[in-house]
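# Notes for the structure review
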Amino acid sequence: MTPKLPLYFDYNATTPVDERVLEAMLPFFGEDFGNPSSRSHAFGWKAEAAVEVARQQVAELIGATPQEITWTAGATESNNLAIKGACEMYRDKGRHIITCSTEHRAVLDPCAALAKAGWQVTHLPVDEAGRVDPAKVEAAITDQTVLISIMAANNETGTLHPLAEIGRIAKQAGVLLHTDATQAAGKIPLAVESLGVALLSLSAHKLYGPKGVGCLYVRRRSPRVRLAKQMHGGSHERGLRSGTLNVPGIVGLGAAAEIAGNELTDDAERLVALRDRLDEGVRSQLPEVQLNGHPTERLCNTANLSFAYVEGEALMMKLSSLAVSSGSACMSASREPSHVLKAMGVPDALANAAIRFSLGRPTTVEEIDFAIGAIVQAVRELRAISPLYELAREGIDPTRLQ
Amino acid sequence: MEPNQSPEFVKHFSHPRNVGSLDRRSRRVGTATVTVADCGDVMRLQIEVDCQGRIARAMFKTFGCSAAIAAGSLTTEWLRGRSVDQAEGFSGDYITERLALTPEKQHSSRLAEDAVRAAIADWKRRRCRQGQPAS
């Protein structure tokens, strides 16, 4: 039986809201619509109580205390608040931040804004698997360094950074470590204490919660981290982030975090098996397919594959039965390969032919098998009409032709 | 398929015509391999010209985006049965119009136009050599 098409393999982009999450949210659109800032009546009290339950639920997922969770509109806002807020607060110490070349734009762009304002930004390189070397972090720290921002897991490749080691180095040097855990949260265990992070961003819609809500963990002890607010207004969230709380969204994030915490181990085991079935199924039938990312230190749900001698946009079009995302877009005469793959040293031709498959809780083995068939057929068809594949089979290196 | 693609585009991308190779050593065959410097698309186009100066066969292979593949297919279809003189007047605008290419995809039309000119030039070179005494 053919499954309903197109099949969704883009769970790193976003996830559907879990039914249990939706159920938890619904009352807060209706009868429990109160504003948690309303201290004078039961409508407000009920909303506030729900928000505090959610705070507890999210805190538990990452091993924090509820007071350390600040609600935001999503990971982009969390990253902005963490990076710009910390740098503004501690600017007397120096004007240096350390990040990594494969970060998401939501980290790179706030860093670029700081660079424009006179800050020095170090972009650490990654190895061919996409990992930052902790020794390079250590070497980059100066007495001017205020913040290190390194993501927990990369969105394109799923590669996990050695965060705990970096955390130890940061702690020893007395530098704050921020991590964008948008992709990692709900997929790998995260404990802020053992990771040594001072700030952690996460988003609800990547873990089967709703879009438009996220949070920032801000450490309160050893050391207590203070941030300069980036949103001025009615002093919600202890003055750190003004704006009426998105109660249904927050309740959803809380429920999603609790479910993720409970089901993480089972989900991860199942997803690794499906991910490897996809990877092996494709690679056993097609030559010259490259896995981009770390072979083992990688998210359970992500496989980023490059198919030599075919072009990415054409491959995406052939794969119209699968909802996947590509390493680049042929939007104009010049292609911009993914900055992540580029930083890993993946040649442009392979970066342009990279496809990210990201699996999720609803993914089934039937879907994986359908995907394997679709990928193998699409790549074979495109290679059959690729002059580069023909040259390569004749023993001529087509990269020299270009 | 993206919703804004013309049926002609879908036809030529999904089931490209005249994919393959002709004998590049034949004097009746002109071969061109052209690339777009910016994006790395590669098109190989071959024409086989009969005694009357008509293009009897045209074959192509493309490494490139969907538009470059569809352009290769449509171009070979257009070339078949035309005289070399007619083919020399081939314009990429024909590809742009027939495939309803948006401006950012029109480098594929230029790629096809370049390929047609280069294939004819190659055929002419080889044909001229035919008349020359062996050295």
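About the criteria used
Residues numbered from 1 in each chain as written. Chains lettered and ligands numbered in written order. Predicted model: local features only at pLDDT ≥ 70, side-chain atom pairs only at ≥ 80, totals over all residues. Heavy atoms only, no water. Core = buried A, V, L, I, M, F, W, Y, C linked by side-chain atoms within 4.5 Å. Buried < 20%, exposed > 50% of the residue type's maximum accessible area, 1.4 Å probe, protein only. Domains from an automatic or database assignment. Contact = heavy atoms within 4.5 Å. Pairing = 2+ DSSP bridges. Helix = DSSP H or I, 4+ residues; strand = E, 2+ residues; numbered from the N terminus. Axes fitted to C-alpha atoms, helices over the stretch in contact; angles between N-to-C directions. Salt bridge = Lys/Arg side-chain N within 4 Å of Asp/Glu carboxyl O. Phe/Tyr/Trp six-rings, centres within 6.5 Å; stacked < 30°, edge-to-face > 60°. Lys NZ or Arg CZ within 6 Å of the ring centre and 35° of its normal.

## Quick look at the nonpolar core
- Judged by nonpolar contacts, the single largest core of 73 residues is most densely connected at Ile 62, Ile 69, Trp 71, Ile 148, Leu 190 and Leu 200 of chain A.
- Two domains each provide a minimum of three residues to this core, namely domain 1 (7-14 + 264-400) and domain 2 (19-259) of chain A.
- Sequence-distant contacts of Leu 190 of chain A, defined by excluding residues within four places in its chain, comprise Leu 61, Ile 62, Gly 63, Ala 181, Ala 184, Ala 185, Leu 195 and Leu 200 of chain A.
- Core analysis: the next-biggest nonpolar cluster, separate from the first, contains 69 residues, Phe 9, Val 289 and Cys 300 of chain A together with Trp 78 of chain B among them.

## Thoughts on the sheet that holds strand E3 (residues 55-63) of chain B
All names here are of chain B.
- On the basis of which strands lie adjacent, the open sheet formed by three strands has the order E1-E2-E3 and antiparallel pairing. With partners counted over all chains shown, the strands left at the sheet margins are strand E1 (29-35) and E3, one partner each. Looking at each pair of strands side by side, their axes are set apart by 10 degrees on average, direction ignored.
- Across the sheet, helix H2 (residues 66-79) lies against strand E2 (42-49) and E3, angled at about 175 degrees from E3, the strand it touches most.

## Focus: the pattern of salt bridges
- Within this structure, the stated rule accounts for 30 salt bridges over all chains.
- For Asp 23 of chain B, the salt bridge identified is with Arg 25 of chain B, shortest N-O distance 3.3 Å.

## Here we look at the pairing of strand E7 (residues 199-203) of chain A
All names here are of chain A.
- Along E7, five of the five residues are buried, which leaves the element largely enclosed by surrounding structure.
- Of the two faces of E7, both are covered, the one formed by Leu 199, Ser 201 and Ser 203 as well as the one formed by Leu 200 and Leu 202.
- Pairing analysis gives three bridges linking strand E6 (residues 176-180) to E7, with the strands arranged parallel. Bridge pairing links Thr 179 to Leu 200 in E7.

## Examining the packing of aromatic side chains
- By the definition in use, this model includes six aromatic pairs over all chains.
- Their ring planes at 55 degrees and their centres at 4.9 Å tell us that Trp 78 of chain B and Phe 90 of chain B sit as a pair that is tilted. Of this pair, Trp 78 of chain B sits in helix H2 while Phe 90 of chain B sits in the loop between helix H3 (84-88) and helix H4 (92-99), and the two are 12 residues apart along the sequence.
- On the accessibility criterion, Trp 78 of chain B (14% relative accessible area) is buried.
- Of the residues examined, Phe 90 of chain B reaches a relative accessible area of 2% and is grouped as buried.
- Each ring, one from Phe 90 of chain B and one from Tyr 94 of chain B, has its centre 6.4 Å from the other, and the planes form 65 degrees; the classification is edge-to-face.
- The rings of Trp 78, Phe 90 and Tyr 94 of chain B are connected pair by pair, giving a single aromatic cluster.
- In this structure, Lys 318 of chain A packs its charged tip against the face of Phe 13 of chain B, placed 4.8 Å from the ring centre.

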